[in-house]
Amino acid sequence: MTHPDMEARIVRYGDLKPCKTAFIDAHTPGSDQKENFTIIGGGVSESPDQHVHIGLPHGFNIGAAGQPPRVRNSLHDHHTAEVFFVLKGKWRFFWGRWGDAGEVVLEEGDIFNIPTGIFRGFENIGTDYGMIMAILGGDDAGGGVMWAPQVIEDAADHGLILGENGRLYDTKRQQKLPDGVAPMPLMTDEELAKRPEPTTADVLPNHVARYWDMMALADRKPVNVIGEHGLLRDKPGFEVDFITRGSATEAKHSHPHPSVLMPMRGHWKIRWDAAGGHPAGEATLAPGDTMSVPENMPHSAVPSMTGEASLYHVVATGDPAGHTWTG
């Protein structure tokens, strides 16, 4: 890897390119100001306008959602894991057929591994523009999004139709379904009745980890946040670790699968060894930046400045990306 090659695997927060028409609720009042970012992998956007920053398959996808205050993302579901951590702001997450089965408020640094099989939505309840970072299981991120029926019906009232091919068509722009493409069918009452409606008490203990708890736990070694033996036990096809100044080390390590570094607080110096005739190098990451590290590349990450420092580390495990693991 040359230095330009590695720089191409870094997406800077300030260079993120939003899509404001990514999903079916893009015209629905209350959801029409949200922005979607696809950082690594194809993501699940339903719009051809979505910019993909790094298209290389990793075994998982990295994305983000940015929203002004009181803007929400409508109730939806995925076939594989959906994990969020709050980069900026204060967010309310809610779930269930009508979004009233349970809810939790997350603040900066908190992480939520949302159980598969339930509709979920989220809302910026802070006072400024907020940003949440997302990890989606699988290279195809579960094959798309499943929407609660009322979301599809509301969208049609505002000019957006979702085809069974997973693409959006905007009747306000004189678009219509292509020949041979039917509208996305609504889930039946029988299908909806099979979906669980877990309470907040069911979800929180096994699916939410708080930032300041992880900061304390990672004082000497990184904390495995999501993994078979993690704080949040799951095998979604990737693992998530949390690293602080106290648990960072100059010792280099590598993984057999691609990994991703996502600073939460502070600036981090990333160094990698020479490999395959290419020179060693280094780069500095800031909060909101995302760096893809190639498989089998020795690298290290340590804070480059004084002060609070924390970093999320995501690595593929080779496990199939499926439903929430409860073993």
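Refer to the structure presented above.
Residues numbered from 1 in each chain as written. Predicted model: local features only at pLDDT ≥ 70, side-chain atom pairs only at ≥ 80, totals over all residues. Heavy atoms only, no water.

A.B. asks: Help me out: how do you make sense of the pairing of strand 9 (residues 111-114) in this one?
C.D. replies: Both faces of the sheet carry side chains from a regular strand, because those side chains alternate between them. On strand 9, burial covers both faces: I111 and N113 on one face and F112 and I114 on the other are all buried. With 2 bridges joining them, strand 9 and strand 15 (residues 208-209) adopt antiparallel strand pairing. Paired with F112 across the bridge in strand 15 is V208. (Buried < 20%, exposed > 50% of the residue type's maximum accessible area, 1.4 Å probe, protein only. Helix = DSSP H or I, 4+ residues; strand = E, 2+ residues; numbered from the N terminus. Pairing = 2+ DSSP bridges.)

A.B. asks: Whenever I open this one, the side chain of H58 confuses me. Can you help?
C.D. replies: On the secondary structure map, H58 appears in the loop between strand 3 (52-54) and strand 4 (60-67). Residue H58 is classed as buried on the basis of its relative accessible area of 3%. The contact partners of H58, leaving out residues within four places of it in the chain, are R9, I40, D139, P258, V260, S292 and A316. (Contact = heavy atoms within 4.5 Å.)

A.B. asks: What is the right way to read the sheet that holds strand 23 (residues 290-293) from this model?
C.D. replies: Sheet strands pair by backbone hydrogen bonding; their relative direction is either parallel or antiparallel. Pairing is mixed across the open sheet formed by 7 strands, whose spatial order is 1-23-20-25-18-16-17. The outermost strands of the open sheet, each flanked by one partner alone, are strand 1 (10-11) and strand 17 (232-233). Sheet topology note: the strand 1/strand 23 ladder contains 2 bridges and is antiparallel. What sits directly across from V11, in strand 23, is T290.

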